[in-house]
Amino acid sequence: MDQSILTSEKQHLAELLEAIQRCVYFLDASSKKLTWPLTADLLEKQKKDVVLFEAMAAINERFAKLQDTMGAAMRHACILAGEPTDSFLKVLSFYEKTGVLESVESWQLCRTARNLAAHDYDIEYAEIADHFNSLKIFTPLLYMSAARFLSYCQEELSILPKQADFTTEFMLIVKSKQTDESGISQ
């Protein structure tokens, strides 16, 4: 690999790492706008509350963006580490073995919760509440995986986020989630 190409690939991963920190920061900020757990009764009573439903839409989008960005970054880091990337399952298995992911199954649970997103126009408020409460429960799992992944990139690849603009906040958010076992009590 030409040195300029390698430098470019490392730079791309550094940008993805910064994006992960930014995703965590904004997902956490959106999550703090709501009172957890959400209930069907609350959602039905406030069904015209634009601020509430915009915050929920932001959580949906940011949860998905965090997982998508992590997936892209994990595959990219595997390439730089010389690990197989011919299937994403191999990428996930690698990160499970290195301790970045709690398990492949936990990643897939987050993915399933994310893919079962409640639609803005869904009127089954119990299902909408369940969906968002599930995202809230799985969010700390993604945060911890993100923190371990950033550590992996620093320790194994000597790559840090491109800029440290979100690093302090990212670390504070991750630290706060380490003591929050349920993901609901905030």
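The coordinates are above.
Described in the following lines is the structure provided in the data block.

Let's shift gears to the pattern of salt bridges. Pairs can form between side chains of opposite charge whenever their charged atoms are close. Per the stated rule, a full pass over the model turns up seven salt bridges. Across the pair arginine 111 and aspartate 68 runs a salt bridge whose closest N-O atoms are separated by 2.9 Å. Separated by 43 residues along the polypeptide, arginine 111 in helix H5 (residues 104-115) and aspartate 68 in helix H3 (residues 50-81) bring together distant segments of the chain. On the basis of relative accessibility, which here comes to 33%, the residue aspartate 68 falls in the partly exposed class. Where salt bridges share partners, they join Asp28, Lys32 and Lys177 into one cluster.

Moving on: the packing of H5 against helix H6 (residues 125-157). As a packed pair, H5 and H6 sit with axes 10 Å apart at the nearest point and diverge in direction by 145 degrees. When the axes of H5 and H6 are compared, the crossing they make is left-handed. Residues Ser106, Trp107, Leu109, Cys110, Ala113 and Arg114 of H5 lie in contact with H6, whose contacting residues are His131, Leu135, Phe138, Leu141 and Leu142.

With that settled, the discussion passes to the environment of tryptophan 36. Secondary-structure assignment places tryptophan 36 in the loop between helix H1 (3-31) and helix H2 (40-45). Given a relative accessible area of 9%, tryptophan 36 falls into the buried group. A polar atom in the side chain of tryptophan 36 sits 2.9 Å from the backbone oxygen of serine 31.

Okay, the environment of serine 30 next. Tracing the chain through its elements places serine 30 in helix H1. The exposure class of serine 30 is buried, given its relative accessible area of 2%. Residues serine 30 and alanine 14, 16 residues apart in the sequence, show an inter-C-alpha distance of 25 Å. If near-sequence neighbours (up to four positions away) are discounted, serine 30 is found in contact with Ala55, Ala58, Ile59 and Arg62.

Time to look at the nonpolar core. Judged by nonpolar contacts, the single largest core of 54 residues is most densely connected at Leu13, Ile20, Leu66, Tyr95 and Phe149. Elements that contribute at least two residues to this core include exactly H1, H3, helix H4 (88-97), H5, H6 and helix H7 (167-178). Of all the elements, H6 adds the most residues to this core, at 17 residues. With residues up to four places along the chain from it excluded, the contact list for tyrosine 95 reads Met74, Ala77, Cys78, Val100, Leu101, Phe149 and Tyr152.

Conventions and cut-offs
Residues numbered from 1 in each chain as written. Predicted model: local features only at pLDDT ≥ 70, side-chain atom pairs only at ≥ 80, totals over all residues. Heavy atoms only, no water. Salt bridge = Lys/Arg side-chain N within 4 Å of Asp/Glu carboxyl O. Helix = DSSP H or I, 4+ residues; strand = E, 2+ residues; numbered from the N terminus. Buried < 20%, exposed > 50% of the residue type's maximum accessible area, 1.4 Å probe, protein only. Axes fitted to C-alpha atoms, helices over the stretch in contact; angles between N-to-C directions. Left-handed = near helix turned anticlockwise from the far one by under 90°. Contact = heavy atoms within 4.5 Å. Polar contact = N/O pair within 3.5 Å; in protein donor to acceptor, adjacent residues only side chain to side chain. Core = buried A, V, L, I, M, F, W, Y, C linked by side-chain atoms within 4.5 Å.

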